[in-house]
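Chain by chain, the residues run as shown.
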Amino acid sequence: MRTATPGRIEIAFSGSIASFPLDTQFSVPAKGVAAIFGPPGCGKTAVARCIAGLEHLPAGFCAIDGDVWQDETTFRPPHLRPIGYVSQDASLFPHLSVRRNLLYGAPKPKPMPIAFDEVVELLDLAPLLDRSPSHLSGGERQRVAMGRALLSQPRLLVMDEPLAALHSRAKREILPFVERLPEKLALPMIYIGHDMAEIERFADYLVLMERGMVTAAGPLHVLQSDPTLPLATSHEAAISLDAVVSGYDGRYGLLILRLKGARLLVPAPPLAPGVHQRLRIAACDVSVAREAPRAGSILNVFPARIRACLSLGTAEITLVLALGTGGSGAEIMARITRFSFDSLGLKDGMDVFAQLKHISLLSASEPPPQTISASTPTAEPGQASAAACNEKLGTRGERHHLKPPLL
Ligand SMILES: Nc1ncnc2c1ncn2[C@@H]1O[C@H](COP(=O)(O)OP(=O)(O)OP(=O)(O)O)[C@@H](O)[C@H]1O
């Protein structure tokens, strides 16, 4: 009999649901956000329904942080699974106020680990509490649905494309709330989506699905640059990395960020030292040079080692680059022409200089109190050149819950 591992979300379902074949196995940490990503119809919702116990594939295994919800001998019905489920359609009770929708299904004992007032503040629901669901916008309805799911005191929050039914403006409005949940709650989350631009903003782990099967699972940035997976060879190839704010150059309005193998300067408003800042570095915004540029306008230039060269049609190539001398730092990608590749004589394993023309700043998390440094180091803009690259600062990969958790 399979045993459950504390600290992991362990899923294995195989069989058919209404003649749709499902064969999914993955294990991700029971912390942060794991995104399930794949094209429409690949079975993402089917997996979510199996996790919730709404579908029963007999040959299944589902354990959340050591708690077995399904195995050979166990099948907990949906109402006995501590899961908060937010679907595309908010499914609010039309005859109840927002307040009563929020409290519907919330356990009565007090104090609740996830408190009503905290959820109202987290999702900015105070102005909506006495309204009827029929007087809410689509984005507001989804915020109420998230609040109701949280107040059921789940041990796992599953969000099944919660933004899919919203128009682009409503999506932009609600995304910061979605991003805030993992920062403020010590609650593992599974986020289902088919828009990588959303997932890149807040996911820590990625589960890739195709035609009912899981094709890969692991840390988001690792899968994004994996040469064997389609993300690295897509035209939108990008890497999401969590950097740590180390200072601010007020003269030039530049935020200083630490990343393994690099010290980045990005034009942005100031943030407190120690804040974790999610970055997006698109492959199309990175170029390479064989020698360190002597004079140029690009601030972020670092030694790097070519880890892989991937064809992108006939004219372009995506390079996977490991930053830092000897390639010991974070991996990013560069998209260059095949002409440049041949002209520069590039090849796998070669040491080059990576030039990062643009870095997008996504969500930022506040630091734990002990990481706030009294002295804010500032740097000359010129330091962000090749000379700054030998630093091996910061860690890559996992984000942390930086606020005292509500749970
Ligand atoms: N009740 C049902 N009866 C028959 N087929 C179904 C049923 N529900 C889902 N399917 C089929 O199962 C497959 C997987 O559906 P599922 O909704 O899990 O995909 P998905 O990846 O979540 O898609 P989307 O991103 O569009 O929501 C699809 O081919 C779908 O048509």
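Calculation rules
- Along each chain, residue indices are assigned from 1 in the same order as the chain's sequence is written.
- Under the rules for a predicted model, residues below a pLDDT of 70 receive no local features and side-chain atom pairs below 80 are neither given nor counted, while totals for whole chains, interfaces and linings still include all residues.
- Just so you know, the domain bounds were taken from an automatic or database domain assignment.
- Contact criterion: two residues are in contact if their C-beta atoms, reconstructed from the backbone, are within 7 Å.
- Only DSSP runs of H or I reaching four residues or more are called helices, and only runs of E reaching two or more are called strands; each is numbered from the N terminus.
- Classification convention: Asp, Glu, Lys, Arg as charged; Ala, Val, Leu, Ile, Met, Phe, Trp, Tyr, Cys, Pro as nonpolar; all other residues, Gly among them, as polar.
- Any residue whose C-beta atom, as placed from the backbone, lies within 6 Å of a molecule or strand is termed near it.
- By this rule the span expected of a helix is its residue count minus one, scaled by 1.5 Å.
- Around each residue's C-beta, the other C-beta atoms within 10 Å are counted; 20 or more make the residue buried, 12 or fewer make it exposed, and counts in between make it partly exposed. All C-beta atoms are placed from the backbone.
- Following DSSP output, two strands are said to pair if at least two bridges run between them.
- Angular values range over 0 to 180 degrees, each being the angle between N-to-C directions of two axes fitted as lines to C-alpha atoms, with helices fitted over their stretch in contact.
- What sets the label is the angle itself: under 35 degrees gives roughly parallel, over 145 gives roughly antiparallel, 65 to 115 gives roughly perpendicular, and the rest give oblique.
- Helix crossings are classified by the rotation of the near helix relative to the far one: an anticlockwise turn of less than a right angle makes the crossing left-handed, while a clockwise turn makes it right-handed.
- Residues of type Ala, Val, Leu, Ile, Met, Phe, Trp, Tyr and Cys that are buried and joined through C-beta atoms within 7 Å form what is called a nonpolar core.

(A) Representation of the domain arrangement of the chain within the structure. The assigned domain composition of the chain is domain 1 (8-220) and domain 2 (238-390). Between the C-alpha centres of domain 1 and domain 2 the distance comes to 33 Å. Taken together, the six residues of domain 1 in the interface contact seven residues of domain 2. When contributions to the side of domain 1 that touches domain 2 are tallied by element, the ones reaching two or more residues are α5 (168-184) and α6 (196-202). Tallied by class, the residues present in the side of domain 1 that touches domain 2 amount to two nonpolar, no polar and four charged.

(B) Region of interest: the site of the ligand. Every residue near the ligand is listed here: Ala18, Phe20, Gly38, Pro40, Gly41, Cys42, Gly43, Lys44, Thr45, Ala46, Glu161 and His194. Looking at the shell around the ligand, the element that brings in the most residues is helix α1 (residues 44-52), giving three residues. The residue makeup of the shell around the ligand, split by class, is five nonpolar, five polar and two charged.

(C) Representation of helix α4 (residues 138-151). Over its 14 residues, α4 extends 20 Å from the first C-alpha to the last, a length consistent with the 20 Å expected when each residue adds 1.5 Å. Judged by how many residues are buried, α4 sits mostly within the fold: 13 of 14 residues are covered. Just past α4, the residue Gln153 takes up positive phi, approximately 60 degrees.

(D) How the structure looks around the environment of Arg258. Tracing the backbone through its elements, the reader meets Arg258 in strand β12 (residues 254-259). A residue is classified by how many C-beta atoms lie within 10 Å of it, and Arg258, with 20 of them, is buried. In this structure the C-alpha to C-alpha distance between Arg258 and Asp242, which are 16 residues apart in sequence, comes to 9.1 Å.

(E) Just the sheet that holds strand β19 (residues 351-356), in detail. Ordered by their spatial adjacency, five strands build an open sheet running β15-β19-β16-β17-β18, and the pairing between neighbours is antiparallel. Among the strands making up the open sheet, the edge pair consists of β15 (286-289) and β18 (331-337). Here the strands of the sheet are splayed against their neighbours by 45 degrees on average, with no regard to which way each runs. Where strand β16 (residues 300-312) meets strand β17 (residues 316-323), eight bridges bridge the pair, whose relative direction is antiparallel. Each residue of the ladder has a partner; that of Ala304, found in β17, is Leu323.

(F) Highlighting α1. Burial analysis of α1 places seven of its nine residues in the buried class, the great majority of the element. Every buried residue belonging to α1 is among Lys44, Ala46, Val47, Ala48, Arg49, Cys50 and Ile51, and all of these are buried. Two residues or fewer after α1 comes Gly53, characterised by a positive phi angle close to 80 degrees.

(G) Quick look at the packing of α4 against α5. Running from N to C, α4 and α5 point in directions that differ by 25 degrees, and their axes come no closer than 9 Å. When the axes of α4 and α5 are compared, the pair comes out roughly parallel. Relative to α5, α4 is oriented so that their crossing is right-handed. Contacts between α4 and α5 involve Gly138, Gly139, Gln142 and Arg143 on the former and, on the latter, Ala170, Glu173, Ile174 and Phe177. Taken together, the residues that form the contact of α4 with α5 break down as three nonpolar, three polar and two charged.

(H) Focus on the pairing of strand β4 (residues 60-64). Within β4, five of the five residues are buried, which leaves the element mostly enclosed by the surrounding structure. Here β4 shows no split at all, with Gly60, Cys62 and Ile64 on one side and Phe61 and Ala63 on the other all buried. Alignment of strand β1 (residues 8-17) against β4, held across five bridges, turns out to be antiparallel. From the neighbouring strand, Ala12 faces β4, where its bridge partner is Phe61. Relative to strand β5 (residues 67-70), β4 is paired through three bridges, and the arrangement is antiparallel. Considered in β5, the bridge of Cys62 is made with Gln70. Counting the residues that bridge the hairpin from β4 to β5 gives two residues, and of these Asp65 lies at a positive phi of roughly 50 degrees.

(I) Geometry of the pairing of β12. For β12, the tally of buried residues reaches six of six residues, placing the bulk of the element in the interior. Here β12 shows a buried face lined by Leu254, Ile256 and Arg258 and a second buried face lined by Leu255, Leu257 and Leu259. Bridge analysis of strand β11 (residues 238-249) against β12 gives five bridges, and the strand direction is antiparallel. Looking across to β12, one finds that Val244 is bridged to Arg258. Turn length for the β11-β12 hairpin, with the two strands adjacent in sequence and antiparallel, is four residues, and the turn residue Gly253 shows positive phi of about 65 degrees.

(J) Representation of the nonpolar core. Residues Ala35, Ala203, Val207, Ile281, Leu321, Met333 and Ala354 are the most contacted members of the largest nonpolar core, which totals 115 residues. Domain assignment of the residues forming this core places at least three in each of domain 1 (8-220) and domain 2 (238-390). Setting aside its immediate chain neighbours within four residues, Leu321 contacts Ala304, Arg305, Ile306, Arg307, Glu331, Ile332, Met333, Ala334 and Ala354.

(K) Molecular detail of the environment of Tyr104. Looking at the secondary structure, you find Tyr104 in the loop between α2 (98-103) and α3 (116-122). Look at Tyr104 and you get partly exposed, because 13 C-beta atoms sit within 10 Å. Each C-alpha atom of the pair Tyr104 and Phe93 lies 9.2 Å from the other, and the pair is eleven residues apart in sequence. The contact partners of Tyr104, leaving out residues within four places of it in the chain, are Phe93, Leu96 and Arg148.

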